[in-house]
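# Fold and contact review
Residues per chain are reported as follows:
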Amino acid sequence: YSNFIDALRVYVRGGTGGMGYPNLGGEGGRGGDVWFVARERTTLKSIREKYPHKRFVAGTGANSSVKALKGEKGKDCEVHVPLGISVLDDDGKQIGELNAAGERFLAARGGLGGSLATNFLPCKGQRRTVHLDLKLIADVGLVGFPNAGKSSLLSKISHAKPEIANYAFTTIQPELGKIMYPDYKQISVADLPGLIEGAHANKGMGHKFLKHVERTKQLLLVVDISGFQLSIKTQFRTAFETILLLTKELELYKEELLTKPALLAINKMDLPCAKDNLDELKTQLENPQDFLHLLEEEMIPANTLEFREVIPISTYTGEGIEELKTCLRKSIDEEAEQENEDYRKKKLLLLQTSK
């Protein structure tokens, strides 16, 4: 996980103010501020490499003098950070968020310059340690247990080249890919590290995985039609049980995740008996309540995910891949249209109430 950094602890300090001029009542300049500025193509890893000490200090305000009774403000310190950053204080409380390019957050304010109110002595700038927590922003997040074929799927539908192998936990860091459509529309897809049972309690990749799901607009669950078993020590799960367990992990981490639009990709349809397994799975998905007894009570989610589409695919033969891309595009477009409609209604309501 070391090549991808999604959390960084840094020290920030606003500049000290400048000295006042008692004889003529001159005011010193205010100290500079430390700002976090969201920029595209920036990573937390590049910040750590460029500033290994992880300290950001703004400039000191200019002293008041006979030539300039009002001292100039100290130089601001701007730190470029990636999009999707949450700024947390040392207690873990969120104090800011940067989601769009150009957004700014005041991390540390500069101190006041010396004046009559401060007996012409300058004040020190604000100083604190903050945590930069990255949550990937993507249109679609791939959710699935290890070895479900998420990396293979990402390589089929986008230009990304994730590592692919026939063992669990090939993906140990998030991978981002873009689906390109003939009309130049692009949809970003994040392949996130494989979940395991107990991920909500931070087992395995745990929260390192789940926090990235929060910022994706839609979920695409990828499930192996033949079922899943992490190791010989763990229980074998059918495709239906896998879907319920994935839902449970998302629910236990953050219930709102289940309100996101979701699609289901049933992978490995090239395997023998896949057709029979798919027919059985479709029956189970149509009436999930009739099959909940298959799982232990504590593993049954309170709410089941409603899938907009269920698409059988094979990343090995390419079956269903184009249909999946079409379904993703349709779902994203419908969601965008709904957001626009909600926005229009909200604006109309504001206009009516203002009149």
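We now turn to the structure provided with this report. (Residues numbered from 1 in each chain as written. Predicted model: local features only at pLDDT ≥ 70, side-chain atom pairs only at ≥ 80, totals over all residues. Heavy atoms only, no water.)

### Quick look at unusual backbone geometry
Positive phi outside glycine occurs at R41, with the angle close to 55°. According to the relative accessible area criterion, R41 is exposed, its value standing at 83%. Of note, the phi angle at Y184 is positive, near 75°, even though the residue is not glycine. The exposed category is assigned to Y184, whose relative accessible area is 74%. (Buried < 20%, exposed > 50% of the residue type's maximum accessible area, 1.4 Å probe, protein only.)

### Focus on the pattern of salt bridges
Taken as a whole, this structure holds 23 salt bridges when the rule is applied. Between E97 and R215 there is a salt bridge, with its nearest N and O atoms 2.9 Å apart. Highlighted residues: E97 in strand β6 (residues 94-98) and R215 in the loop between α3 (206-213) and β12 (216-224), separated in sequence by 118 residues. Classification of R215 as buried rests on a relative accessible area of 15%. A salt bridge links E214 to K135; the shortest N-O distance between them is 3.3 Å. With a gap of 79 residues between them, E214 in the loop between α3 and β12 and K135 in the loop between β8 (127-134) and β9 (138-143) connect regions that are remote in the sequence. Of the residues examined, K135 reaches a relative accessible area of 11% and is grouped as buried. A single network of salt bridges, built from pairs that share partners, joins R30, D33, K73 and D76. (Salt bridge = Lys/Arg side-chain N within 4 Å of Asp/Glu carboxyl O. Helix = DSSP H or I, 4+ residues; strand = E, 2+ residues; numbered from the N terminus.)

### Focus: the nonpolar core
Membership of the largest hydrophobic core comes to 35 residues, with the highest contact counts inside it found for L221 and L250. Residues in contact with L221, not counting those within four places in the same chain, are V143, I243, L246, L263, L264, A265, L305 and F307. Counting 23 residues, the second-largest nonpolar core is a separate cluster that includes A38, A58, F105 and A108. (Core = buried A, V, L, I, M, F, W, Y, C linked by side-chain atoms within 4.5 Å. Contact = heavy atoms within 4.5 Å.)

### Digging into the packing of helix α2 (residues 150-157) against helix α6 (residues 321-354)
It is the contact of α2 with α6, at a shortest axis distance of 11 Å, that shows an interaxial angle of 80°. Considered as vectors, α2 and α6 are oriented roughly perpendicular to each other. Residues L153, K156 and I157 of α2 touch α6, and the partners they reach there are I321, L324 and K325. By residue class, the composition of the contact of α2 with α6 is 4 nonpolar, no polar and 2 charged. (Axes fitted to C-alpha atoms, helices over the stretch in contact; angles between N-to-C directions. Parallel < 35°, antiparallel > 145°, perpendicular 65-115°, else oblique. Nonpolar A, V, L, I, M, F, W, Y, C, P; charged D, E, K, R; others polar.)

### Some thoughts on the pairing of β6
Looking along a regular strand, one sees side chains alternate from face to face of the sheet. Pairing geometry for strand β5 (residues 85-88) and β6, over 4 bridges, is antiparallel. Across the sheet, residue V87 finds its bridge partner in β6, namely G96. What sits between β5 and β6 in their antiparallel hairpin is a turn of 5 residues, with G92 showing a positive phi close to 85°. (Pairing = 2+ DSSP bridges.)

### Quick word on the layout of surface pockets
Roughly 630 Å³ of internal volume is contained in the largest pocket. Looking at the largest pocket, it is lined by 21 residues, and the ones nearest its centre are R41, L83, L136, I137 and L176. Elements represented by at least two residues in the lining of the largest pocket include exactly α1 (44-50) and β10 (175-180). If one sorts the elements of the lining of the largest pocket by residue count, β10 sits on top with 3 residues. Partitioning the lining of the largest pocket into residue classes produces 10 nonpolar, 6 polar and 5 charged. Residue contributions to the lining of the largest pocket reach at least three from each of two domains, namely domain 1 (7-134) and domain 2 (138-339). (1 Å grid on protein atoms, 1.4 Å probe; cavity = no way out; pocket = protein on both sides within 12 Å on 5 of 7 lines; lining within 4 Å. Points joined across faces, edges and corners; volume = space filled by probe spheres on them. Domains from an automatic or database assignment.)

### Observations regarding helix α5 (residues 274-286)
The end-to-end C-alpha separation of α5 is 18 Å, in line with the 18 Å expected for 13 residues at 1.5 Å each. When α5 is considered as a whole, its buried residues turn out to be A274, L278, L281 and Q284. Viewed end-on, α5 has its buried residues packed into an arc of 125°, placing them on one side of the element. For α5, the exposed residues set more than 90 degrees away from the buried face come down to K275, D276 and E286. The inward-facing, buried residues of α5 contact α4 (239-253), β13 (262-267) and β14 (307-312). (Expected span 1.5 Å × (residues − 1). Arc of directions from axis to C-beta.)

### What to know about the sheet that holds strand β7 (residues 104-108)
Strand order in this open sheet of 3 strands is β4-β2-β7, and the pairing throughout is mixed. Single-partner strands in this sheet number two, and they are β4 (77-81) and β7. On average, each strand axis in the sheet is inclined to that of its neighbour by 30°, with strand direction left out of account. As paired strands, strand β2 (residues 34-38) and β7 are joined by 4 bridges and run antiparallel to one another. Residue pairing in the sheet places V37 in a bridge with R104 of β7.

### A few points about the packing of aromatic side chains
Per the counting criterion, the structure on display carries 4 aromatic pairs. Centroid distance F240 to F291: 6.1 Å. Interplanar angle 75°. Geometry classified as edge-to-face. Of this pair, F240 sits in helix α4 while F291 is found in the loop between α5 and β14, placing the two residues 51 residues apart along the sequence. Above the ring of W35, the side-chain terminus of R104 is found at 4.6 Å from the ring centroid. (Phe/Tyr/Trp six-rings, centres within 6.5 Å; stacked < 30°, edge-to-face > 60°. Lys NZ or Arg CZ within 6 Å of the ring centre and 35° of its normal.)

### Topic: the packing of α4 against α5
Packing of α4 against α5 leaves a shortest axis separation of 9 Å and a crossing angle of 40°. Accordingly, the angle class assigned to the pair α4 and α5 is oblique. Facing α4, whose interface residues are A239, F240 and I243, α5 presents L281, Q284 and L285.

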